[in-house]
Amino acid sequence: MLDASVRPLVEITGMCKWYGQFSALHDINMTVNEGEKVVVCGPSGSGKSTMIRCINQLEAHQKGTIMVDGIEVTPDMRNIAEIRREVGMVFQSFNLFPHMTILDNLILGPMRNRGVSKKDATDLAMHYLERVHIAQQAGKYPPQLSGGQQQRVAIARSLCMKPKLMLFDEPTSALDPEMIAGVLDVMIELAEEGMTMICVTHEMGFARKVADRVVFMDEGEIIEVAGPEEFFGNPQSDRAQLFLSQLLGH
Amino acid sequence: MDRNSPPPAPPRKRLAVSDFVIFGAVAALVIYAGYQVKDVLVYKWDWSRVLDFLIRWDPERQEYVANLLLIGLFTTLRLAVWGTILATVIGVLMGYWRTSNNLTLKIISRTYVELIRNIPPLVFIFIFYFFVSSQLFPAMGLDDVNPDSAMVDNPVFRIMFGRPELLSNFLAGVLCLALFEGAYITEIVRAGIQSVPKGQWEGARAIGLSPFNVLRDVILPQALRKILPPLAGQFITLIKDSAIVSLISIQELTFMATEVAATTTKVFETWILVGAMYFALCYSFALLFDWLERRAARIRR
Ligand SMILES: Nc1ncnc2c1ncn2[C@@H]1O[C@H](COP(=O)(O)OP(=O)(O)OP(=O)(O)O)[C@@H](O)[C@H]1O
Ligand SMILES: [Mg+2]
């Protein structure tokens, strides 16, 4: 069935990546449609970060193709700039710029590569800071905020670029337990508004609530793809079963 | 105890008896050495002739004008300022190239740094002089600049570059000094850039900044704060190292001092005075950098 409203935003076909001789990703195939939310999980070192970092070319892949919004991702600088305008990314360690105020962190991207005026960028930044509930902190510096607040600022910073796709690389795993809920709430709101998301996370509650699909990776390959209830309730592969038992065992 | 009583005064830093003993011993040694020198050399100190070379009375203009030593000091100051600016430009560019992934840029910057660091400064200066100031400058037409043309013969130009007829001489000094110190600044900048966490590069790239903006907006400001102390030290070294360009006849303070010492034959007085002038210059810059550093720290909160 061809549904006009379902449009693939990310198409990865036959992607491979090596670090020297080490095969980090092998034959990755994945399609993410507009508005879809995909959760990626798997044991440490399985290549989850590497895969999503290839999508915005923080890492270069060596084989296969990645299409984002109809544009093929290549190592060409102009192409990369175009891709990164479409794709926001949130990191485990926030990566806010410590020498700039929160507000300056947010307006830098829009001003530098969308040619937005300072006033418009500020309005936009305040809008997103309000959405992540930290507008009062706009004048502070990142180290003055708690981890949870910093991560919400990082999300707002990505949103200021008006991306079509958001990548999350374990956004809550560096946070104290009491900070996690605030960040997940922001992510859930974002999901409900229809943002296309690829999240590397082990937060099962979040996955159950928002994910359309869970992608399970191990040793650089996609082992299993299923809906969240199916995957967490009845994993098919041995490796996924082992992984989930270890995750729940903790 | 009363909670509201004032806290005890912090202990004051005081000189103890042992400190006075050490100061006394050092002073005694200096005085003894002074007597020894006086006995051996039977030297007659005469400061007036040397001091005349700081400022002199110009009978034509009916006013005091700077004499050789002060003119030399100004040239040294100009050398320091332009040398610092140029060395910083070289250092930032080469320092960035040192961290680049591009093999050609890496090779160029590495070669530059290693060449300069592994040749004695004196030897470098002579090679530089033969090839650059006696070959390249004439080829560039610098020697043909008319010292009387209005472009170079005006007060602003004189303040910035000194006497027009000495322009190519001065530029040779600046270039030589900048190339030499640039290699050390390159290494400082490289260390600074590498001290910025990898996540900062990724964060900046992920919001779509161009390579130039990543560097200018995110990486260099953070690197600069970390390298401010060693950088300040290198700038002061640059001022002191400017003395060696006197060997290729750049007419700065040390060059002038050699002349003055020869004409007056008052060798000790000349060099003690010149030493004091260098000290005043370098120490002022050290205080300035200290102040800048403290200000930068305060801006950071
Ligand atoms: N820059 C690199 N150089 C060499 N090997 C790397 C590099 N980055 C990652 N790797 C290797 O690639 C593999 C996949 O790494 P990746 O970071 O994608 O794993 P991950 O699934 O995100 O793990 P984690 O849950 O610990 O974050 C690992 O074996 C890792 O050691
Ligand atoms: Mg990871």
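Rules of the game
Residues numbered from 1 in each chain as written. Chains lettered and ligands numbered in written order. Predicted model: local features only at pLDDT ≥ 70, side-chain atom pairs only at ≥ 80, totals over all residues. Heavy atoms only, no water. Helix = DSSP H or I, 4+ residues; strand = E, 2+ residues; numbered from the N terminus. Rg over C-alpha atoms; globule rule 2.2 N^0.38 Å. Buried < 20%, exposed > 50% of the residue type's maximum accessible area, 1.4 Å probe, protein only. Contact = heavy atoms within 4.5 Å. Salt bridge = Lys/Arg side-chain N within 4 Å of Asp/Glu carboxyl O. Polar contact = N/O pair within 3.5 Å; in protein donor to acceptor, adjacent residues only side chain to side chain. Nonpolar A, V, L, I, M, F, W, Y, C, P; charged D, E, K, R; others polar. Near = heavy atom within 4 Å. Areas by Shrake-Rupley, 256 points an atom, 1.4 Å probe, with all protein chains shown as cover. Pairing = 2+ DSSP bridges. Axes fitted to C-alpha atoms, helices over the stretch in contact; angles between N-to-C directions. Domains from an automatic or database assignment. Buried area = accessible area lost by both parts, 1.4 Å probe.

**Q** With reference to specific residues and values, describe the overall build of chain A.
**A** In terms of helices and strands, chain A carries nine helices and 10 strands. Relative to the globule expectation of 18 Å for 250 residues, the C-alpha radius of gyration of chain A, 18 Å, shows essentially globular dimensions. Its C-alpha atoms give chain A principal-axis dimensions of roughly 55 × 40 × 40 Å. Looking at chain A as a whole, 55% of its 250 residues qualify as buried.

**Q** Quick one: what's the story with the interface of chain B and chain A, residue by residue and with numbers?
**A** In this assembly, 21 residues from chain B lie in contact with 23 residues from chain A. Viewed at the interface, chain A and chain B are joined by two salt bridges. R112(A) is the salt-bridge partner of D217(B), the closest N and O atoms lying 2.6 Å from each other. Our enumeration of links across chain B and chain A arrives at eight residue pairs in polar contact (both at pLDDT 80 or more). In terms of residue class, the side of chain B that touches chain A is made up of eight nonpolar, six polar and seven charged.

**Q** Requested: an account of the site of ligand 1, with residues and values cited.
**A** Residues and elements named next belong to chain A. Neighbouring residues of ligand 1: Y19, F22, A24, P43, S44, G45, S46, G47, K48, S49, T50 and E170. One nitrogen or oxygen atom from the main chain of G45 is found 2.8 Å from an oxygen atom belonging to ligand 1. Interatomic distance of 3.1 Å between a side-chain N/O atom of E170 and an oxygen atom of ligand 1. Relative to its unbound accessible surface of 640 Å², ligand 1 loses 60% to contact with the protein. Counting only elements with at least two residues in the shell around ligand 1, the list comes to β2 (22–33) and α1 (48–55).

**Q** Which residues make up the sheet that holds strand β9 (residues 213–218) of chain A, and what values do they have?
**A** Residues and elements named next belong to chain A. In spatial order, the strands read β6-β7-β8-β3-β9-β10; together these six strands make up an open sheet with mixed pairing. Strand pairing shows two members of the sheet lacking a second neighbour, β6 (87–90) and β10 (221–226), which therefore form its edges. Across the sheet, the mean angle separating the axes of adjacent strands is 20° when strand polarity is ignored. Of the pairings in the sheet, the one linking strand β3 (residues 37–41) to strand β8 (residues 196–200) comprises four bridges and is parallel in character. Residue pairing in the sheet places V40 in a bridge with V200 of β8. Sitting on the sheet, helix α2 (residues 77–86) is in contact with β6 and β7 (165–169), with an inclination near 70° to β6.

**Q** So what about the sheet that holds strand β4 (residues 63–68) of chain A? Which residues, and what values?
**A** Strand order in the open sheet formed by four strands is β2-β1-β4-β5 (chain A), and the pairing between neighbours is antiparallel. Every interior strand has two partners, whereas the edge strands, β2 and β5 (71–72) of chain A, have only one.

**Q** Explain the domain arrangement of chain B to me, and be specific about the residues and the numbers.
**A** Residues and elements named next belong to chain B. What the domain assignment reports for chain B is domain 1 (17–45) and domain 2 (55–300). Placing a centre on the C-alpha atoms of domain 1 and another on those of domain 2 gives a separation of 37 Å. Taken together, the four residues of domain 1 in the interface contact six residues of domain 2. Summed over both partners, the interface of domain 1 with domain 2 buries about 380 Å², with 63% contributed by carbon and sulfur atoms. Here domain 1 and domain 2 share zero salt bridges between them. Inspection of the domain 1/domain 2 interface yields zero residue pairs in polar contact (both at pLDDT 80 or more). Tallied by class, the residues present in the side of domain 1 that touches domain 2 amount to three nonpolar, no polar and one charged.

**Q** Describe the pairing of β6(A), listing the residues and the values that go with them.
**A** Residues and elements named next belong to chain A. Both faces of β6 are covered, namely the face carrying V87 and M89 and the face carrying G88 and V90. Where β6 and β7 come together, four bridges link them in parallel fashion. Paired with V87 across the two strands is L165, which belongs to β7.

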